Each structure stands twice: as C-alpha cells, then as structure tokens.
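# Observations on the three-dimensional arrangement
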Amino acid sequence: MRTFILLAAALPLAAAVDFDNPGPPCWIQDAVAIGSDVWLACDRGAVIHSSDFGKTWQRHPIPAEYRVRSMAFVDAKRGFVVGDNGALLKTTDGGNQWTPARPPVENDFREIFFLGERGWLAGYGGTMLHTADGGETWTPQDTGTRQSIEAIYFVDANRGWGVGWAGTVLRTVNGGETWEEIRAPAAEWSLSGVYFKDANEGWAVGMLGQILHSTDGGKSWEAIGSGSKSWLRAVYVDASGHGWITAENDILETADGGKTWKQAGKEGWIFLERFVHVNGELWAVGPFGIYRKAAGDNEWRTTERFGKVTS
C-alpha cells in the first residue's frame, strides 16, 4: 500500500539523517494515509506529515525517549503512535502536537489498529487493549496467550485476527470480548503480518519465508511455499487476486489470488515493513524509505529524492 526512497543500507542505525539529504528523513517504522494526508512514523523523535501526497513533508517532534513501532489514525485529526515501554502518544490536531497518554498496562506495544472509533492495541505478553471511543479510554482484553502479538487486523467491528511469536494465531468474532487461540500445525515460526480480504479468506506471514492461508475465517491454516527464506513482514491481496508481501530483501508477488507467490527480483536489504494506499498508489514503507506502485502498474518504481522536509 508505494515508489521507493532508498537510503544506503550501510548507514548505521544510530546515524543522524540530514533533512537536506535525498534519502528518507528518519528511520521509518509505519505509515498512514487519509485523503491527501500521509504520516510517517519515525523510529525515534518525529512524525513526518505530508498534505500533498508526499510531494513535501513537515517534521513534527515527539519525545525522543519513545521508540515508535506502529501508528494509526481515527480520522484526519486524531491519531496515535505506540512503541516500547508502554509508549502511547496521541494527537488531536493532525500530528502537529503529540502528547503521552497513560495506558492501563505498560508492556512493549507492537501494533495499533483502528476501524472507525473502535481500536485495538497489541504487544508483548499477549497484551491486547481495546477502545470504543476513539482512544479516549482503553480496556484490557484477555487473549489467552503470553506470546507477543505482532500484528492485528479486523474486517469489521466484530471479526479480527492477531498473530505473533512462536506461530501464535488468534481470532475473534465479537470485537475481542473473547479471543480464540488457534492451534495451527502449519504455523512453524513466529508471524509478523496478517491480512484478510473478507471475513473468510486471509493470509499470515513471518519468519523464514512462511506464508499461511485460511479460507474459513482463520479457523484453520495451510502453508504455502514462498521460495524465500527471508523474514516476511506484511501482506496485502486486492480484489483482482493480485497481492504482495514485504520481505527483508525483496517483494513477493501473486497474480492468482495468493495460491502461488514469486519474488519480484529487488536487490539489497530493503527491510520493508508496511503497506499503505496513497492516492491510488500502493506504498511499501520501511526504515530506508518507500517503494511506490501505481494502480495497474506491475513495477515498483524508485525515486532518488525524498522531497523537501521542513521542521
């Protein structure tokens, strides 16, 4: 859900990035798009916002002690970033100002997901928090697992899934009031991403090229060959049966509804983390930048310059 903006892979993790540099302005962890607005969550210290589909960007600081892992917006004004050590920060002005909130638990948070006013926040130790009021209040939900939940996805207010360490697969049909842990023999390794195109068919991906497929709402899963030993991070399949998976060193593609997957042939360690839809394009976002693919275009294109970023 992207053209790529690539920072040299040799750049040290802790290096400071010059905002006049053609590479990305920060170590990108997540992205959200609503209308013409796009937000990028940096690993530490900032959220980057564009109101013109990524032509220009503005940097908005967040406290540097918070290490960010995920971001979600309720609407164009209200949004959240979450991360390690119970980090939960909120904006009510479109990302200009970010203020810490106090969650009922303070585990490391790995994923936040919103569907209208309803949201879910997941992390270490099987943590799952739920809000029904746009993030004003959060209530713990019992997942029945102590494994870290790395990704969550809901198709509606009731039906959702979570995946995580040690092949953990969860499903709910009542908005998380109860979660069922699925014993899936095909889930051999830790899982990092999950996506359902409808209430029945979905995919989960993870370590060592693992792809799982379900056609019964996540009650059962089968393994699908990927031809990759990379760590797969995120998956998306559209209504036409075309789909993509982000990997450490490539993008995987399907044209038959996810039955078979092949590598796109990208080179280098690109570590893409997320998909996001922006103005009719699919963006694949990772710490080194962004790949972008226009609708109907089979190629993921790259650009050499990120675009102007102002403080």
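Above: the structure in question.
Below you will find a few notes about this structure.

What counts, and where the lines are drawn
Residues numbered from 1 in each chain as written. Predicted model: local features only at pLDDT ≥ 70, side-chain atom pairs only at ≥ 80, totals over all residues. Heavy atoms only, no water. Pairing = 2+ DSSP bridges. Helix = DSSP H or I, 4+ residues; strand = E, 2+ residues; numbered from the N terminus. Axes fitted to C-alpha atoms, helices over the stretch in contact; angles between N-to-C directions. Buried < 20%, exposed > 50% of the residue type's maximum accessible area, 1.4 Å probe, protein only. Lys, Arg positive; Asp, Glu negative; His and termini not counted. Salt bridge = Lys/Arg side-chain N within 4 Å of Asp/Glu carboxyl O. Polar contact = N/O pair within 3.5 Å; in protein donor to acceptor, adjacent residues only side chain to side chain. Phe/Tyr/Trp six-rings, centres within 6.5 Å; stacked < 30°, edge-to-face > 60°. Core = buried A, V, L, I, M, F, W, Y, C linked by side-chain atoms within 4.5 Å. Contact = heavy atoms within 4.5 Å.

Now for the sheet that holds strand β28 (residues 289–294). The 3 strands lie next to each other as β26-β27-β28, forming an open sheet whose pairing is antiparallel. At either margin of the open sheet sits one strand with a lone partner, and together these are β26 (274–278) and β28. Looking at each pair of strands side by side, their axes are set apart by 25 degrees on average, direction ignored. In this sheet, β28 lies alongside strand β27 (residues 281–286) in antiparallel orientation, the contact comprising 6 bridges. Its bridge partner lying in β28, Val-285 is registered against Ile-290.

With respect to the helices and strands, Asp-238 occurs in the loop between β22 (232–237) and β23 (243–247). No salt bridge forms around the buried Asp-238; measuring N to O, its nearest opposite-charge neighbour Lys-293 is 6.3 Å away. Here the side chain of Asp-238 touches Ser-240 through a polar contact of 2.7 Å, side chain to side chain.

Here the structure, examined in full by the defined rule, presents 15 salt bridges. In this structure, Arg-274 and Asp-30 form a salt bridge, with 3.5 Å as the shortest nitrogen-oxygen distance. Linking Arg-274 in strand β26 with Asp-30 in strand β2 (residues 28–34), this pair joins segments that are 244 residues apart in sequence. Accessibility expressed as a relative area gives 5% for Asp-30, which makes it buried. One network of salt bridges, with partners in common, ties together Asp-30, Glu-111 and Arg-274.

Take the sheet that holds strand β11 (residues 118–123) next. The 4 strands are arranged β10-β11-β12-β13 in an open sheet whose pairing can be described as antiparallel. The two strands at the open ends of the sheet, each matched to only one other strand, are β10 (109–115) and β13 (139–140). With 4 bridges connecting them, β11 and strand β12 (residues 128–131) associate as antiparallel partners. Across the sheet, Ala-122 pairs through a bridge with Met-128, a residue of β12.

Here we take up the packing of aromatic side chains. Summed over the entire model, instances satisfying the criterion amount to 19 aromatic pairs. Ring geometry for Trp-161 against Phe-196: centres 3.6 Å apart, planes inclined by 5 degrees, an arrangement best described as stacked. In this pair, Trp-161 sits in strand β15 (residues 160–164) while Phe-196 sits in strand β18 (residues 191–196), placing the two residues 35 residues apart along the sequence. Residues Trp-161 and Phe-196 agree in their burial class; the two are buried. Here Phe-271 and Phe-288 contribute two aromatic rings whose centre-to-centre distance is 6.1 Å and whose plane-to-plane angle is 65 degrees, an arrangement assigned as edge-to-face. Separated by 17 residues along the polypeptide, Phe-271 in the loop between β25 (262–263) and β26 and Phe-288 in the loop between β27 and β28 bring together distant segments of the chain. Take Phe-288: its relative accessible area is 4%, and that puts it in the buried class. Counting every residue linked through ring pairs, the aromatic cluster contains Phe-113, Trp-120, Tyr-153, Phe-154, Trp-179, Tyr-195, Tyr-236, Trp-244, Phe-275 and Trp-300.

Here the focus is the nonpolar core. Ranked by internal contacts, the top residues of the largest apolar core, which has 47 residues, are Val-194, Ile-211, Trp-221, Ile-245, Trp-261, Phe-275 and Trp-300. Excluding residues within four positions of it along the chain, Ile-245 makes contact with Val-205, Ile-211, Leu-232, Ala-234, Val-235, Asp-250, Ile-251, Leu-252, Trp-261 and Phe-275. By size, the runner-up hydrophobic cluster in this structure holds 14 residues, among which are Ala-31, Ile-48, Trp-57 and Trp-283.

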